[in-house]
Amino acid sequence: MSPPITQFEELALSPPLLQTLKEVGYEAPSPIQAACIPPLLAGHDLIGQAQTGTGKTAAFALPLLERLDLTDRQPQVLVLTPTRELAIQVAEAFQSYARHLPDFHVLPIYGGQSMSLQLRHLRRGVHVVVGTPGRIMDHLRRETLTLDGLRSVVLDEADEMLRMGFIEDVDWILEKTPAEKQVALFSATMPEPIRRVAHRHLREPREVKIQTRTATVATVRQRYCQVGVQHKLEALTRVLEVEETDAVLIFVRTKIAATELAERLEARGYPSAALHGDMTQALREKTIEQLRGGGLDIMVATDVAARGLDVQRISHVVNYDIPSDTEAYIHRIGRTGRAGRAGEAILFVAPREMRMLRVIEKATRQPITPMQPPSQAAIAGHRLNRFKQKILDTLAAQELSFFQDVVGQLEREQDIGARDIAAALAYLMQRDRPLQLPEGAEAKPPRPQAADETRDRAEPADRPTRRRERLGESADSTAKPTRPRAVDGTRDRAEPADRSTRQRERPKESTEFEVMRYRLEVGHQHGATPQNIVGAIANEAGIESRYIGRIEIHDDHSTVDLPTGMPEEIFQHLKKVRVRQHPLNISRLGRPGPSGPDRAGRRSVLDKAEAGVKPSRSAKTNPVDREAKTASRRQREIKS
Ligand code: AMP
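Everything numeric here is computed off the predicted structure, so don't read it as measured data.

This brings us to the overall build of the protein. For the protein, the count of helices and strands is 23 helices and 20 strands. For the protein, buried positions account for 57% of its 640 residues. Accessible surface, the protein as shown: approximately 27800 Å² in total, 50% of it carbon and sulfur.

Moving on, we get to the confidence of the model for the protein. The predicted coordinates of low-pLDDT regions are not to be read in fine detail. When pLDDT is averaged along the protein, the result is 79; 78% of the residues meet or exceed 70. Across residues 442–512 the pLDDT falls below 50, and counting only partners more than four positions away or on other chains, this stretch makes 247 contacts in the model. The low-confidence segment residues 594–640, where pLDDT is below 50, has 140 contacts with residues more than four positions distant or belonging to other chains.

We now examine helix α21 (residues 568–576). Inspection of α21 places I570, F571, H573 and L574 among the buried residues, and these make up the whole buried set. For α21, the buried positions fall inside an angular range of 165 degrees around the axis, keeping them on one side.

Bringing the pattern of salt bridges into the picture now. All told, the structure shown has 30 salt bridges when counted by the stated rule. Across the pair E241 and R386 runs a salt bridge whose closest N-O atoms are separated by 3.6 Å. A residue pair is termed long-range when its members are at least 10 positions apart, and E241 in helix α10 (residues 232–242) and R386 in helix α15 (residues 376–397) qualify at 145 residues. Judged by relative accessible area, E241 falls into the buried class, the value being 2%. Given the relative accessible area of 41%, R386 is considered partly exposed. With a shortest N-O distance of 2.9 Å, E361 and R358 are connected by a salt bridge. Of this pair, E361 and R358 both sit in helix α14 (residues 354–364), separated by 3 residues, roughly a single helical turn. Using a relative accessible area of 18% as the deciding quantity, one classes E361 as buried. Residue R358 is classed as partly exposed on the basis of its relative accessible area, which comes to 40%. By sharing partners, the salt bridges in this structure join K56, D156, E157 and R352 into a single network.

Here the focus is the sheet that holds strand β8 (residues 220–226). The strand order β10-β11-β9-β12-β13-β8-β14 describes an open sheet built from 7 strands, whose pairing is parallel. On the outer flanks of this sheet lie β10 (272–275) and β14 (369–370), each paired with one strand and no other. The pairing of strand β9 (residues 247–251) with strand β11 (residues 298–301) spans 4 bridges and is classified as parallel. What sits directly across from L249, in β11, is M299. Along the sheet, helix α11 (residues 255–267) makes contact with β9, β10 and β11, crossing β10 at roughly 180 degrees.

Helix α6 (residues 133–142) packs onto helix α5 (residues 115–124) with a crossing angle of 65 degrees between their chain directions and a minimal axis gap of 12 Å. At the point where α5 passes α6, the crossing takes the right-handed sense. Where α5 abuts α6, its residues M115, Q118, L119 and L122 lie against R135, D138, H139 and R142. For the contact of α5 with α6, the per-class residue count stands at 3 nonpolar, 2 polar and 3 charged.

Before going further, it helps to spend a moment on the side chain of D325. Relative to the elements of secondary structure, D325 occurs in the loop between β12 (314–319) and α13 (326–333). The side chain of D325 is buried and forms no salt bridge, while R253, the nearest opposite charge, is found at 7.5 Å. Once you skip the residues sitting within four places of it in the chain, D325 turns out to touch P31 and M356.

Among the nonpolar cores identified, the biggest contains 42 residues, and L13, F60, L65, F94, F104 and V130 are the most heavily contacted of them. Elements with a contribution of two residues or more to this core: α1 (15–24), α2 (31–41), α3 (56–66), β2 (77–80), α4 (84–97), β4 (128–131) and β6 (182–187). Excluding residues within four positions of it along the chain, V130 makes contact with V79, T81, A87, V90, A91, F94, V106, L107, P108 and I109. Counting residues in each nonpolar core, the second largest holds 30 residues, with L78, I136, L147 and I167 among its members.

This part takes up the sheet that holds strand β17 (residues 558–563). Sheet architecture is open: 4 strands sit in the order β16-β17-β15-β20, paired in antiparallel fashion. Of all strands in the sheet, those with a lone pairing partner are β16 (551–553) and β20 (587–590), marking the two edges. The average undirected angle you get between the axes of adjacent strands in this sheet is 30 degrees. Direction of pairing for strand β15 (residues 515–520) relative to β17: antiparallel, over a ladder of 6 bridges. The residue of β17 that forms the bridge with R519 is T559.

Turning our attention to a nonpolar patch on the surface. Together, I391, L392 and L395 make up a nonpolar patch on the protein surface, roughly 280 Å² of accessible area in all. Within the element layout of this structure, L392 appears in helix α15.

Let us now look at the pairing of strand β5 (residues 152–155). As a general feature of sheets, a regular strand has side chains that alternate between the two faces. Residue alternation in β5 divides its side chains into two sets, S152 and V154 and V153 and L155, and both sets are buried. Alignment of β2 against β5, held across 4 bridges, turns out to be parallel. The partner of L78 across the bridge, within β5, is V153. Looking at chain direction, β5 and β6 are connected through 4 bridges and run parallel. Along β6, the bridge assignment pairs S152 with Q182.

Cut-offs and rules
Residues numbered from 1 in each chain as written. Predicted model: local features only at pLDDT ≥ 70, side-chain atom pairs only at ≥ 80, totals over all residues. Heavy atoms only, no water. Helix = DSSP H or I, 4+ residues; strand = E, 2+ residues; numbered from the N terminus. Buried < 20%, exposed > 50% of the residue type's maximum accessible area, 1.4 Å probe, protein only. Areas by Shrake-Rupley, 256 points an atom, 1.4 Å probe, with all protein chains shown as cover. pLDDT = per-residue confidence, 0-100. Contact = heavy atoms within 4.5 Å. Arc of directions from axis to C-beta. Salt bridge = Lys/Arg side-chain N within 4 Å of Asp/Glu carboxyl O. Pairing = 2+ DSSP bridges. Axes fitted to C-alpha atoms, helices over the stretch in contact; angles between N-to-C directions. Left-handed = near helix turned anticlockwise from the far one by under 90°. Nonpolar A, V, L, I, M, F, W, Y, C, P; charged D, E, K, R; others polar. Lys, Arg positive; Asp, Glu negative; His and termini not counted. Core = buried A, V, L, I, M, F, W, Y, C linked by side-chain atoms within 4.5 Å. Patch = residues over 30% accessible without salt bridge, like charges linked within 9 Å, V, L, I, M, F, W, Y side chains within 5 Å.

Below, the structure written as structure tokens:
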């Protein structure tokens, strides 16, 4: 038996796809990928037993992309999915993995979307069609979709298609495909009707079933929190606020996600560090030592980087991204509850991933109990208790006679009572973390409106669900413009993973924009770093990190280049945002000189452009865009 595949390089994928995998930050193939990619590359039929969350989309998308003839613009791959949601997600995954394949086109086809739009795309030619059975049948009947050039068919979530009554449609569609083709069938379970479909349409299929090892993790209490992707960060900060934690280890799927989540937590006042495979061994060890010694309380890690990690003070493991297999889950939660201590494991799971949760539950042979993200009331109560405790601790431990004199003076001079003075001091003390939280408000400072338009950057390598609506329109130059994002920025430039994110996210079609230099009143002496400046700006102003230009950190202040056209409300908000507890107090310095190292580079600020859509005319009327003609080359290094 050949040794298990542990690296993407061991799979016979071509450089453009390997490059993509580097950019999206996948560290290693998931078990289903390691098992499915070789037979699919070799052209075999395949039955894969896997659910959402295992990485099955890449398991078929990567080898099928590899086998495409890009010069032939007729559908070569057809993926059938039970829902439009999944069709869009799978199409996005293809688009994302094909980013270095020139002129690649994928089209999601589903009911409810304009037929004429789909027809336009089909006429123009596409390599991959991903659709729900009903709408695919419509097109086949109208002969607006021909499958003569089809080489591969994927039945994704076949048991769901069965459950939703589509299995006969699937049969019908398969009858319309050429006899010579490859078929891959993925299903979480294998009920008899699915076996029959497989028997009828698959030839000598390779069967892949990821064996799930069972294990008991007795000392760890396991809970899960059902939360959508866009709410995960908020849920995490609430958990961090309310749980009694010592050290917390948070798991994400990709290197990029690790860096980004650490930045975002940092910007929200939770000092954190990332741990991933692109860091040098020395830096990794240093970070782990910090965690062990108590100099660091929150670490955001990938599976590979945290392999074998043994730090006894880890009280909590948070599975921010669901792991791709049960073994990974068991390893993750085994990082807490070390040396016989009690440990807590919290798993964030999206509604679609609930099945994976059940599989994990079976594997650990222990229930994973539901939990709600802590409510505002719980957070407020917790803050109040901590606040009172802090006062009691200070009274017990500090020599306060000088301060008592100050209060006494104030009482006499102003004729006010000690209670009023104490109330004013209490008010001042709690401003960073307010004790009164109106129900429904987020447990963090309110964000200006433009922030809503940014993507959830904690999920960079995930299927970009936020691009859904755009993908179907991706070559439609008449599509309605989306509002350009405000402005954006680059993260921790010291880390190669980040560089690759920037490349990945770089829009295909660029619109230039001008930059403005700003001064921030935090510098070395306050402990400011490029990461926490970028994190704070990205998080609080809704400015994506790839649009944040040069950062220079001086002793008592820093400068940063941002695209011009920052709305006044964001500017005002940024004044109050804090890095290392010091307000940025941002002010405008003017435009950096047109030559020399300060020149900013071309960057698109259009959502559409990122999805490969030509910026439409009306998009150019946006103030950020309007000025988008004269930017000069962007300087990437950070002097610090
Ligand atoms: P799926 O099971 O296809 O729904 O994939 C679940 C998630 O895992 C998606 O967000 C993928 O972007 C992510 N993913 C897929 N393969 C890998 C990998 N090898 N390493 C890390 N994340 C991955």
